[in-house]
Every structure is written in structure tokens, then in C-alpha cells.
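As a plain string of letters, each chain reads:
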Amino acid sequence: MESCLGQTRERADEYGTSGKIFCSTSESGVVSVRDVATGQEILQNPFGTSLSCCCFSSDTSLVCGSAGGELFEVDLRNHRNVVKSMLTSSEISNLQMITDRKCIFTT
């Protein structure tokens with residue numbers, strides 16, 4: 001149920017959102033994964049550095065880029081399992097998945 005200006009109404013499910021998730025990062029160093037249909041947070045993982053972008057690299061992993069040029073791969077089945085790679089001294093500003101487990105990035 002949602003409330004808008006004192007009126008209560010049922011929340012309508014949006015077509016095609018069931019089973020979908022999205023990820024976001026923050027300058028404070030937190031990556032968040034949410035269910036698109038419900039908005040419920042599925043995972044929140046803090047990092048010790050400012051994050052600038054993220055993308056899914058497979059059905060079970062997520063890659064985050066940092067302002068310091070680092071890449072972090074997060075296993076969504078066990079989000080404490082994080083692999084860190086230092087790639088560049090420039091901020092990673094964009095990540096894009098091209099094939100399963102392969103991403104390209106821009107600085």
C-alpha cells in the first residue's frame with residue numbers, strides 16, 4: 001500500500017520487473033543491490049574507498065570501479081568474498097559488461 005496526499009492505494013506491479021535487480025554505488029564507498037519490483041535492499045556492502053560505478057559481470061558477480069582506479073569483484077552468493085585489482089591511477093568512470101565475466105571500463 002502507498003500513501004499519497006492522504007489517499008491510500010495498492011501499489012501496481014510494473015510489467016517486466018519481477019526477478020530483476022539493480023546495483024548502485026556511492027562516493028561514501030557503499031554498493032547496494034535492490035530488487036526492482038519491490039525496492040527491497042538485497043545487499044549492502046561497504047568498501048573503504050569512494051566508488052564511482054558498477055555493473056554485473058555475470059549472474060552471480062558484480063564489479064565496482066573506484067575513484068582511485070581500483071576494481072572490486074563481488075560474489076553475490078557470498079558478498080564478503082571480494083577480489084580487488086589495481087588497474088590505473090585514474091578514476092574508473094564507467095563499466096560495461098560485454099560478455100559473461102568480461103567488462104570494459106573507461107577512465
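Preceding this section is the structure that the text describes.
What this report covers is the structure whose coordinates are included nearby. (Residues numbered from 1 in each chain as written. Predicted model: local features only at pLDDT ≥ 70, side-chain atom pairs only at ≥ 80, totals over all residues. Heavy atoms only, no water.)

### A few points about the overall build of the protein chain
Then comes step 1: Within the protein chain one finds zero helices and eleven strands.
Then comes step 2: Starting at the N terminus and walking to the C terminus, you meet the elements of the protein chain as β-β-β-β-β-β-β-β-β-β-β.
Then comes step 3: Across the 107 residues in the protein chain, those meeting the buried criterion constitute 29%.
Then comes step 4: Summarising the internal contacts of the protein chain: among those between residues at least 6 apart in sequence, 30% fall at separations of at least 24.
Then comes step 5: Counting only carbon and sulfur atoms, one obtains 47% of the accessible surface of the protein chain, whose full area is about 7100 Å². (Helix = DSSP H or I, 4+ residues; strand = E, 2+ residues; numbered from the N terminus. Buried < 20%, exposed > 50% of the residue type's maximum accessible area, 1.4 Å probe, protein only. Contact = heavy atoms within 4.5 Å. Areas by Shrake-Rupley, 256 points an atom, 1.4 Å probe, with all protein chains shown as cover.)

### Quick look at the environment of P46
Then comes step 1: Here P46 lies in strand β5 (residues 41–46).
Then comes step 2: Overall, the relative accessible area of 58% leaves P46 in the exposed class.
Then comes step 3: Residues P46 and V30, spaced 16 residues apart in sequence, show a C-alpha to C-alpha distance of 4.3 Å.
Then comes step 4: P46 has contacts with G29 and V30, leaving out every residue within four places of it along the chain.

### Description of the pattern of salt bridges
Then comes step 1: Applying the stated criterion across every chain, the model contains two salt bridges.
Then comes step 2: With its nearest N and O atoms 3.7 Å apart, the salt bridge here joins R34 to E41.
Then comes step 3: One salt bridge in this structure joins D75 and R77, with 3.1 Å as the shortest N-O distance.
Then comes step 4: Judged by its relative accessible area of 17%, D75 is buried. (Salt bridge = Lys/Arg side-chain N within 4 Å of Asp/Glu carboxyl O.)

### What to know about the packing of aromatic side chains
Then comes step 1: Under the counting rule described, the total for this entry stands at one aromatic pair.
Then comes step 2: Both rings, one in F47 and one in F72, keep their centres 4.8 Å apart while their planes meet at 50°; by these two values the pair is tilted. Here F47 is found in the loop between β5 and β6 (51–56), whereas its partner F72 is found in strand β8 (residues 70–75), with 25 residues between them in sequence. Accessibility assignment for this pair places F47 and F72 in one class, buried. (Phe/Tyr/Trp six-rings, centres within 6.5 Å; stacked < 30°, edge-to-face > 60°.)

### Comments concerning the pairing of β5
Then comes step 1: As defined by bridge partners, strand β4 (residues 30–35) adjoins β5 across five bridges and the pair is classed as antiparallel. If you follow R34 over to β5, its bridge partner there is E41.
Then comes step 2: If you look at the hairpin formed by β4 and β5, you'll find five residues sitting between the two strands, and G39 has a positive phi there, around 80°. (Pairing = 2+ DSSP bridges.)

### Some points on the environment of E73
Then comes step 1: With respect to the element layout, E73 can be found in strand β8.
Then comes step 2: Sequence separation between E73 and V83 is ten residues, and the spatial gap between their C-alpha atoms is 5.1 Å.
Then comes step 3: Among the polar contacts made by the side chain of E73, one reaches the side chain of S61 at a distance of 3.4 Å. (Polar contact = N/O pair within 3.5 Å; in protein donor to acceptor, adjacent residues only side chain to side chain.)

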